[in-house]
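So the chains spell out like this:
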Amino acid sequence: MIYLDNASTTKVFPEILQKLKDLSEEFFANPNSVHPEGQKCRRELEKTRDLFCEITGSSREEIVFTSCATESNNTIIKGLAEKFPEKNEIVISPIEHKSVLNPVKYLATKGYKIKFLKVDKDGVVDTDDLRKKITEKTLLVGVIHVNNETGVMQDLKTIGKICREREVFFFSDIVQSFGKMDIPFNFIDFFSVSGHKINAPKGTGLLKRSSDLEPLLHGGGQEFGIRSGTENTAGISALGEAVKIWLKRKEEFLKKTKKLEKVLINKLRQDIPEIKVVSENIKVPYITTVIFPQISGHDMVIALGREGVAVSSGSACSSGSPVPSHVLLSYGYSEKDSLSGVRFSFGQDTTEEDVNTAVEKAVKIFKKLKRFTGFSL
Ligand code: PLP
């Protein structure tokens with residue numbers, strides 16, 4: 001299988017997989033127990049927390065381990081809403097991941113006013129619009145760093161500065177950039193990270209918070225009372241190891257993926273000149289969405305899968321009929337184009353040969369699909 005779906009999830013690094021058994025054996029105890037085995041786990045957990053504090057310039061109480069970014073995003077959004085009920089407006093980009101959009105939509109059912117920020121045709125948030133939308137009632141501003149579908153990166157420093165000037169909380173989902181891109185941590189009050197996007201085991205993640213939050217889970221009061229439940233010491237330790245590896249390989253990864261991105265786009269364009277590469281000039285190199293006009297992206301994903309190539313499409317398939325990508329629609333693409341996107345996302349293992357083979361197969365499939373199916377809207 002040629003795996004070009006690394007924005008969905010990644011394989012655990014082999015060196016971490018090897019270590020995981022030892023870590024699980026060594027750190028099996030409850031880090032909240034006072035006996036020596038428990039305290040050994042506590043030290044390991046706090047060592048990993050210190051690592052994240054150092055990387056992100058945070059203090060210990062600000063870093064909370066969770067099970068995934070969905071949990072982190074929900075905890076931040078709902079936790080802030082409950083803590084500061086006098087603020088009932090949320091300013092958010094329309095191109096957030098569902099794990100941000102849906103808790104916000106849930107708050108809308110409870111009476112919150114949701115203001116969606118304007119984005120331009122490349123998906124860049126309009127900062128003048130942000131200035132206009134913040135009021136005394138704004139609870140938080142939420143803007144994703146690197147979009148998971150298109151790879152478009154937002155200027156978090158400028159957005160964070162505006163939020164600071166206006167004294168509102170700024171939250172960013174940094175799932176697709178953490179370990180891979182430079183992040184202006186000083187300007188972000190709340191963020192979320194997912195372990196499985198950076199070759200750590202699933203079931204690991206964290207959040208940073210710069211104020212008190214109402215917890216989602218009530219229980220033993222672990223993680224400063226923000227996230228009750230016995231911590232997964234071994235998994236968290238593995239997450240720390242994965243981040244260290246990413247930070248070491250970051251520059252090399254970006255250099256490699258810039259080259260792979262060129263191969264992907266140029267080779268596809270050679271055979272299918274009508275493709276549209278979403279936000280080609282302003283995106284990170286490791287995520288590329290290509291619109292294959294006149295065919296369904298979902299059909300392309302299925303057909304590539306049959307040929308041994310794993311990719312994704314942003315158009316979700318619900319109750320049998322594909323729904324256009326909300327991200328592409330927000331950029332101003334037509335409904336038809338928003339159904340035709342296919343995302344190729346590269347990982348640490350991706351090779352030029354993988355990309356060449358994927359392109360050859362995609363070209364053949366495109367020609368076939370266009371001839372035999374196309375689609376009618
Ligand atoms: N945020 C972004 C940008 C993502 O890409 C994802 C996963 O697809 C998530 C959040 C959710 O992450 P998790 O699977 O850890 O809940």
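These numbers were taken from a predicted model, which means no experiment stands behind them.

## Some details on the overall build of the protein
Stage number 1. If you tally the helices and strands in the protein, you get eleven helices and 14 strands.
Stage number 2. Along the longest, intermediate and shortest principal axes, the C-alpha atoms of the protein span 65 × 50 × 40 Å.
Stage number 3. For the protein, contacts bridging at least 24 residues in sequence account for 70% of all contacts bridging at least 6.
Stage number 4. Split by element, the accessible area of the protein, about 16,400 Å² in all, is 51% carbon and sulfur.
Stage number 5. Separation of charge centres in the protein, based on 55 positive and 50 negative side chains, amounts to 3 Å.

## Some thoughts on the site of the ligand
Stage number 1. Surrounding the ligand, one finds 14 residues, the nearest of these being T70, D173, Q176, S194 and K197.
Stage number 2. Within the backbone of A69, a nitrogen or oxygen atom sits 2.9 Å from an oxygen atom of the ligand.
Stage number 3. In this structure, an oxygen atom belonging to the ligand sits 2.5 Å away from a side-chain N or O atom of K197.
Stage number 4. For the ligand, whose unbound accessible area comes to 400 Å², protein coverage reaches 88%.
Stage number 5. In terms of residue count, helix 3 (residues 69-83) provides more of the shell around the ligand than any other element does, three residues in total.

## A short note on the environment of Y333
Stage number 1. Residue position: Y333 is located in the loop between helix 9 (326-331) and helix 10 (335-338).
Stage number 2. Y333 sits 212 residues away from K121 along the chain, and the two C-alpha atoms are 8.1 Å apart.

## With respect to the sheet that holds strand 9 (residues 276-277)
Stage number 1. Overall, antiparallel pairing links the three strands, which are arranged 9-10-14 in an open sheet. The outermost strands of the open sheet, each flanked by one partner alone, are strand 9 and strand 14 (341-345).
Stage number 2. Sheet topology note: the strand 10 (residues 287-291)/strand 14 ladder contains five bridges and is antiparallel. Looking across to strand 14, one finds that I287 is bridged to S345.
Stage number 3. Set on the sheet, helix 7 (residues 233-271) makes contact with strand 9, strand 10 and strand 14; between it and strand 10 the angle comes to about 10 degrees.

Rules of the game
- Residues numbered from 1 in each chain as written.
- Predicted model: local features only at pLDDT ≥ 70, side-chain atom pairs only at ≥ 80, totals over all residues.
- Heavy atoms only, no water.
- Helix = DSSP H or I, 4+ residues; strand = E, 2+ residues; numbered from the N terminus.
- Contact = heavy atoms within 4.5 Å.
- Areas by Shrake-Rupley, 256 points an atom, 1.4 Å probe, with all protein chains shown as cover.
- Lys, Arg positive; Asp, Glu negative; His and termini not counted.
- Charge placed at Lys NZ, Arg CZ, Asp CG, Glu CD.
- Near = heavy atom within 4 Å.
- Polar contact = N/O pair within 3.5 Å; in protein donor to acceptor, adjacent residues only side chain to side chain.
- Pairing = 2+ DSSP bridges.
- Axes fitted to C-alpha atoms, helices over the stretch in contact; angles between N-to-C directions.

Interpretation note: all reported values are geometric properties and have no functional meaning in isolation.
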